[in-house]
Amino acid sequence: MGSDSEAEKSAQKEREKKKLLALAPIAKPLAGKKLCKRTLKLVRRAAEHKCLKRGVKEVVKSIRRGNKGICVIAGNISPIDVITHVPILCEESNIPYIYVPSKEDLANAGATKRPTCCVLVLTKPTKGELGQEEQEKLKAEHDQVASEISEIANSMF
C-alpha cells in the first residue's frame with residue numbers, strides 16, 4: 001500500500017522535472033508552486049465568469065484596446081517567438097504578467113482542452129454583468145495575485 005503512494009509521488013516529481021526542463025529561457029518572472037496554484041485558480045474562476053481572453057491573438061487585441069488585467073503566460077511554448085512580444089506589450093500598458101510552467105495546466109484552468117499559450121484575466125466580463133458579490137470576490141482574488149506578481153517583478157529588476 002505504501003509503495004503505491006511512493007511510486008505516485010516519484011512519478012509526480014518526474015513530471016514536474018520534465019515541466020521545468022521544457023521551460024523557455026525568457027520565462028521570467030516564473031511563478032513558484034504556491035503562486036502558480038493561486039494564479040491557475042484565479043484563471044479557473046475567471047473562465048467560469050467569462051472574464052478571460054485566451055490565446056495570443058485575443059490577448060494582444062485586448063491589451064491594445066486598453067483592457068486591464070493579469071496576463072498569464074505559459075513557459076513551455078515552442079517556438080518561443082510566438083509569445084516574445086506579449087511581455088513587452090504588458091509592460092508598456094502597465095499590466096502585470098507572470099509565467100507558469102505548463103501550457104497544459106493553463107488550458108485546464110481556462111476550461112479548454114487545447115493547450116493555451118497565454119490568457120488575460122479581466123476584472124469585468126466583456127459582455128453582461130456579474131453579481132455584486134461575485135464581482136467583489138473575483139476583484140479581491142485578482143488584486144491579491146496582482147500584488148504578489150508585482151512583488152516578484154520588483155525583486156527581479
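Residues numbered from 1 in each chain as written. Predicted model: local features only at pLDDT ≥ 70, side-chain atom pairs only at ≥ 80, totals over all residues. Heavy atoms only, no water.

J.: Would you mind showing me how to read the UniProt feature "domain: Ribosomal protein eL8/eL30/eS12/Gadd45" (unreviewed entry) in the chain here?
T.: According to UniProt, the positions carrying the feature "domain: Ribosomal protein eL8/eL30/eS12/Gadd45" (unreviewed entry) are residues 40-123. Across residues 40-123, helical content stands at 39% and strand content at 21%; the span's end C-alpha atoms are separated by 15 Å. (UniProt positions renumbered as here; feature names shortened; annotations may be inferred. Helix = DSSP H or I, 4+ residues; strand = E, 2+ residues; numbered from the N terminus.)

J.: Which parts of the structure should I look at to understand helix α3 (residues 56-65)?
T.: Side chains three or four residues apart in an α-helix point the same way, a direct result of the helix having 3.6 residues per turn. For α3, every residue scored as buried is listed here: V56, V59, V60, S62 and I63. Summarising the axial view, the buried residues of α3 lie within an arc of 165°, below the 170-degree limit, and thus occupy one face. What points out from α3, more than 90 degrees from its buried face, is the exposed set K57, R64 and R65. The inward-facing, buried residues of α3 contact β1 (52-54), β2 (69-74), α4 (86-92) and β4 (118-122). (Buried < 20%, exposed > 50% of the residue type's maximum accessible area, 1.4 Å probe, protein only. Arc of directions from axis to C-beta. Contact = heavy atoms within 4.5 Å.)

J.: What is the right way to look at the sheet that holds β4 in this model?
T.: Two pairing modes exist for strands in a sheet, parallel and antiparallel, and in both the strands are linked by backbone hydrogen bonds. In space, the 4 strands of this open sheet follow the order β1-β4-β2-β3, with mixed pairing throughout. Strands at the two margins of the open sheet, each flanked by one partner only, are β1 and β3 (97-100). Taken pair by pair, the neighbouring strands of this sheet meet at an average axis angle of 20°, ignoring direction. Relative to β3, β2 is paired through 4 bridges, and the arrangement is parallel. Its bridge partner being in β3, I73 is matched across the sheet by Y99. (Pairing = 2+ DSSP bridges. Axes fitted to C-alpha atoms, helices over the stretch in contact; angles between N-to-C directions.)

J.: How should I be thinking about the packing of aromatic side chains in this particular structure?
T.: Centre-to-centre distance and the angle between the planes together describe a pair of aromatic rings. Taken as a whole and assessed by the stated rule, the structure comprises 1 aromatic pair. On the basis of an interplanar angle of 80° and a centroid distance of 6.3 Å, the ring pair of Y97 and Y99 is categorised as edge-to-face. Y99 shares its class with Y97; the two are buried. (Phe/Tyr/Trp six-rings, centres within 6.5 Å; stacked < 30°, edge-to-face > 60°.)

J.: Could you clarify how one ought to interpret the environment of V60 in this entry?
T.: Tracing the sequence through the fold places V60 in helix α3. What makes V60 buried here is its relative accessible area of 10%. Excluding residues within four positions of it along the chain, V60 makes contact with H85, V86 and L89.

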